[in-house]
Amino acid sequence: MGPHPAVAAIRLAVRRALHDILNDHQAPRALAGRHPGRTAERPPSPLVLVACSGGADSMALASAIAFEAPKLGIRAGGITVDHGLQPGSDLRADEVVLRLRELGLSPVESVAVTVGREGGPEAAARDARYAALDAAAERHDATAVLLGHTRDDQAETVLLGLARGSGIRSLSGMAAVSGADGRYRRPFLQLDRQTARKACMAQALPVWDDPHNADPAYTRSRLRHEGLPALEKALGKGVVEALARTAQLSRDDADALDAWASQAEASVRDAAGLLECAKLYALPPAVRRRILRRAAIEAGAPAGALFARHIEEVDRLITGWRGQGAINLPGKVVAQRQGGRLVIRQG
């Protein structure tokens, strides 16, 4: 008799992700083998880390990695991040470390972080968490870090992006592969949250339900427990699946537009590297605004603080020119039109 259907589903998703990681890891060796002058040494067994909070999603992921990785010759470890936002969070982190070790993962560690205030509590906690995961991956020389985000998380992310009005890139949600050199992998984006929970129940894995996930003080929590149920009541079942599908379609479109903008940027700059307003005006708005956003970020504007309304104001220097003054952007960056050129620089 085979495993429970939920267990089989999560193992299959993880197996596919691990195969992709293994193929990416072995690619340099294959390249060296095609060039006689290069040494085709066998690369060491790659290490993958699972980011685990102790919740159902990440515990299901950890159990699947512990089962699948050894069969592929991949080493598997785990990291839990102690945000220090709740009493006894350090003890909770120690419990997660113990559970990961019981699954056979190694190395396993708990990392304590200090959560700031910039961008609100949810964004600050996320920034601190990813900084800790990046540092852990570097410290252990890990090939990848696997995250337990599910299709439900993806649907919530799409709705949050829609509420911000930030454009098609926000609607594309989370990528299955992201980060520097594809460090972060999300195998569960096609699986719902209940599948992960059922897999934990079937394997008698203890899980921890973070009280913050049910706290209405947090935007994502309100969306999860009030917003999405209201949408399903009004529109019928299938909203989560439709939003996740929207994310993938939006990501494909956004990637294509980003590529177009990258190719077009050189053609709208003069010999001195300044952006020519007439040439920018001739581009489709979606392409032009991507070029403007990239230019603002290169000038020093923080990407996380640069919103659609900022880019729209800069865009009006090109499409609605009436002699208006400079536009102030985050990071003390200033955009202004001078002699038919758009100058974006630190003010």
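Our structure's up above, just so we're on the same page.
This is a predicted model, so every value here is computed, not measured.

**Side note on the sheet that holds strand β6 (residues 184–185)**
Here comes step 1: Pairing within the open sheet is mixed, and its six strands lie in the order β3-β2-β1-β4-β6-β5. Of all strands in the sheet, those bounded by a partner on one side alone are β3 (108–112) and β5 (177–178).
Here comes step 2: As paired strands, strand β4 (residues 144–146) and β6 are joined by two bridges and run parallel to one another. Bridging across to β6, V145 finds its partner in Y184.
Here comes step 3: Its contacts with the sheet put helix α2 (residues 56–68) on β1 (47–51), β2 (75–82) and β4, and the angle it makes with β1 is roughly 160°.
Here comes step 4: Across the face of the sheet, helix α3 (residues 89–102) comes into contact with β2 and β3 while running at roughly 170° to β2.

**Focus on the pattern of salt bridges**
Here comes step 1: Tallied over the entire structure, the rule returns 28 salt bridges.
Here comes step 2: One salt bridge connects E68 with R15, and the closest N-O pair in it is separated by 3.1 Å. Remark: R15 occurs in helix α1 (residues 5–33) and E68 occurs in helix α2; sequence separation between them is 53 residues.
Here comes step 3: A salt bridge links E232 to K237; the shortest N-O distance between them is 3.5 Å.
Here comes step 4: You can call E232 partly exposed: its relative accessible area is 21%.
Here comes step 5: Put simply, D153, E156, R193, R220 and R224 are held in one network by salt bridges that share partners.

**A closer look at the pairing of β1**
Here comes step 1: Most of β1 sits inside the fold, with five of its five residues counted as buried.
Here comes step 2: Neither face of β1 is exposed, since L47, L49 and A51 on one face and V48 and V50 on the opposite face are all buried.
Here comes step 3: Taken together, the five bridges between β1 and β2 define a ladder with parallel strand orientation. For A51, the partnering residue across the bridge sits in β2 and is I79.
Here comes step 4: A crossover connection joins β1 to the parallel β2 through α2; in handedness this β-α-β unit is right-handed.
Here comes step 5: Inspection of the sheet shows β1 paired to β4 by three bridges, in the parallel sense. Paired with V48 across the bridge in β4 is A144.

**Structural notes on the packing of α2 against helix α7 (residues 193–202)**
Here comes step 1: Two numbers describe how α2 lies on α7: the axes approach to 8 Å, and their chain directions differ by 60°. One way to sum up the angle between α2 and α7 is to call them oblique. Crossing of α2 against α7: the hand is left-handed. Of the residues in α7, those touching α2 at A56, D57, M59 and A60 are R193, A196, R197, A199 and C200.
Here comes step 2: Of the residues that constitute the contact of α2 with α7, the class distribution is six nonpolar, no polar and three charged.

What counts as what
- Residues numbered from 1 in each chain as written.
- Predicted model: local features only at pLDDT ≥ 70, side-chain atom pairs only at ≥ 80, totals over all residues.
- Heavy atoms only, no water.
- Pairing = 2+ DSSP bridges.
- Helix = DSSP H or I, 4+ residues; strand = E, 2+ residues; numbered from the N terminus.
- Contact = heavy atoms within 4.5 Å.
- Axes fitted to C-alpha atoms, helices over the stretch in contact; angles between N-to-C directions.
- Salt bridge = Lys/Arg side-chain N within 4 Å of Asp/Glu carboxyl O.
- Buried < 20%, exposed > 50% of the residue type's maximum accessible area, 1.4 Å probe, protein only.
- Right-handed = clockwise from strand over helix to strand, strands pointing away.
- Parallel < 35°, antiparallel > 145°, perpendicular 65-115°, else oblique.
- Left-handed = near helix turned anticlockwise from the far one by under 90°.
- Nonpolar A, V, L, I, M, F, W, Y, C, P; charged D, E, K, R; others polar.

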